[in-house]
Amino acid sequence: MSKSLARVRAALDAAGVAFDLREMTAETRTAEQAAAAAGCALDQIVKSVLFRGTGSGQLRLFLTAGGNRIDPDRAGALAEEPLERADAALIRAETGFAIGGVAPLGHLKPCALWMDPRLMDFAVVWAAAGTPRHIFAIAPATLRRITGAALAGFTARPAPGDTAGYVK
């Protein structure tokens, strides 16, 4: 078992929550690949997108539904600083995960994180488990609780009922 996968499994076990961890035969690097492998809707995939604060240099993690795009201005407002996409080397150094396998938990260093309200529309969502071939299913409310994610609108299209600060 890879170190990355072991960290995710350990974090889930330590939280004492129910989850379904699976190794897929095909890669799950993209939301589309993961949805096809899991046999679920695209928006049931939890994308872990990392940005770096341009002033602080700190990573900020945004957990969004697979079909949504993050609005950098809305995300920056939540982080209280302008943001830029984090590069692969920084992501690996701070989280311990390679792009395409970044899990929402089990990171080497903690970072602030926010969760897309769209994910709450499902009984189960699927997230990366530390490798490009492993994903896990979990109730979104449980994922939010164990990660400490703040529920907030930061996508380029509004979540249902979330129009405040929406940028077209």
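Starting from 1, residues in each chain are numbered consecutively following that chain's sequence as written. Under the rules for a predicted model, residues below a pLDDT of 70 receive no local features and side-chain atom pairs below 80 are neither given nor counted, while totals for whole chains, interfaces and linings still include all residues. Only hydrogens and water are removed before side-chain values are computed, so all heavy atoms of the structure are retained for them.

Engineer: An account of the layout of surface pockets is requested, with residue identities and associated values reported.
Structural biologist: What the largest pocket holds in volume is close to 500 Å³. For the largest pocket, the lining is made up of 26 residues, of which Arg-29, Lys-47, Ser-48, Val-49 and Gly-100 are closest to its centre. Under the DSSP-based scheme used, a helix requires at least four consecutive residues in state H or I and a strand at least two consecutive residues in state E, with every element numbered from the N terminus. Among the elements that take part in the lining of the largest pocket, strand S2 (residues 45-53) stands out by supplying six residues, more than any other. Cavities and pockets are found on a 1 Å grid laid over the protein atoms alone: a cavity is a set of points where a 1.4 Å probe fits but cannot escape, a pocket is an open set with protein on both sides within 12 Å along at least five of seven lines, and a lining residue has an atom within 4 Å of such a point. Grid points are joined across faces, edges and corners, and a volume is the space filled by probe spheres set on the points.

Engineer: How would you summarise helix H4 (residues 88-95) if you had to cite specific residues and measurements?
Structural biologist: For an α-helix, the turn length of 3.6 residues means that residues three or four places apart are oriented alike. Here's how the labels work: a residue is buried when its accessible area is under 20% of the maximum for its type, exposed when over 50%, partly exposed in between, all with a 1.4 Å probe on protein chains only. Taken together, the buried positions of H4 are occupied by Leu-90, Ile-91 and Thr-95. Down the axis of H4, the buried set is contained in an arc of 100°. They therefore lie on one face. Looking at the buried residues of H4, the elements they touch are helix H1 (3-15), S2 and strand S3 (59-65). Here a polar contact is taken to be a pair of N or O atoms separated by no more than 3.5 Å, where protein atoms must pair a possible hydrogen donor with a possible acceptor and residues adjacent in sequence count only if both atoms sit in side chains. Between a side-chain oxygen at the N-terminus of H4 and the backbone nitrogen of Ala-89 the separation is 3.2 Å; the capping residue is Asp-87. Gly-96, located one to two residues past H4, shows a positive phi value of around 85°. Our arc is simply the arc of the directions from the helix axis toward the C-beta atoms. It only takes one pair of heavy atoms within 4.5 Å for two residues to be counted as in contact.

Engineer: Let's hear about helix H5 (residues 140-147): which residues, and what values?
Structural biologist: Taken together, the buried positions of H5 are occupied by Pro-140, Thr-142, Leu-143 and Thr-147. Seen end-on, H5 carries its buried residues on one side only, within an arc spanning 155°. Residues of H5 that are buried make contact with S2, S3, strand S5 (112-115), strand S6 (125-128) and strand S7 (134-138). Immediately beyond the C-terminal end of H5, within one or two residues, lies Gly-148, with a positive phi of roughly 75°.

Engineer: An account of the confidence of the model for the protein is needed here, citing residue identities and associated values.
Structural biologist: When pLDDT drops low, the exact placement of atoms in the prediction is not to be read closely. pLDDT measures how confident the predictor is about each residue, on a scale from 0 to 100. Per-residue confidence for the protein gives a mean pLDDT of 91; residues scoring 70 or more make up 93%. Residue range residues 163-168 is modelled with pLDDT below 50. Its contacts to residues more than four positions away, or to other chains, number nine contacts.

Engineer: Would you mind going over the packing of aromatic side chains in detail, with residue names and values included?
Structural biologist: Pairing of aromatic rings covers Phe, Tyr and Trp, the last counted by its six-membered ring, and requires centre-to-centre distances within 6.5 Å; plane angles under 30 degrees mean stacked, over 60 mean edge-to-face, and any other angle means tilted. Across all of its chains, the model carries three aromatic pairs by this definition. The interplanar angle of 85° and the centroid separation of 5.7 Å between the aromatic rings of Phe-51 and Phe-62 together place this pair among those described as edge-to-face. Of the two residues, Phe-51 is situated in strand S2 and Phe-62 in strand S3; the sequence distance between them amounts to eleven residues. Accessibility classification places Phe-51 together with Phe-62 in one group, the buried group. For the pair Phe-62 and Trp-114, a centre-to-centre distance of 4.9 Å together with 15° between the ring planes defines the contact as stacked. You can see Phe-62 sitting in strand S3 and its partner Trp-114 sitting in strand S5, a full 52 residues away along the chain. For the residue pair Phe-62 and Trp-114, the accessibility class agrees, reading buried in each case.

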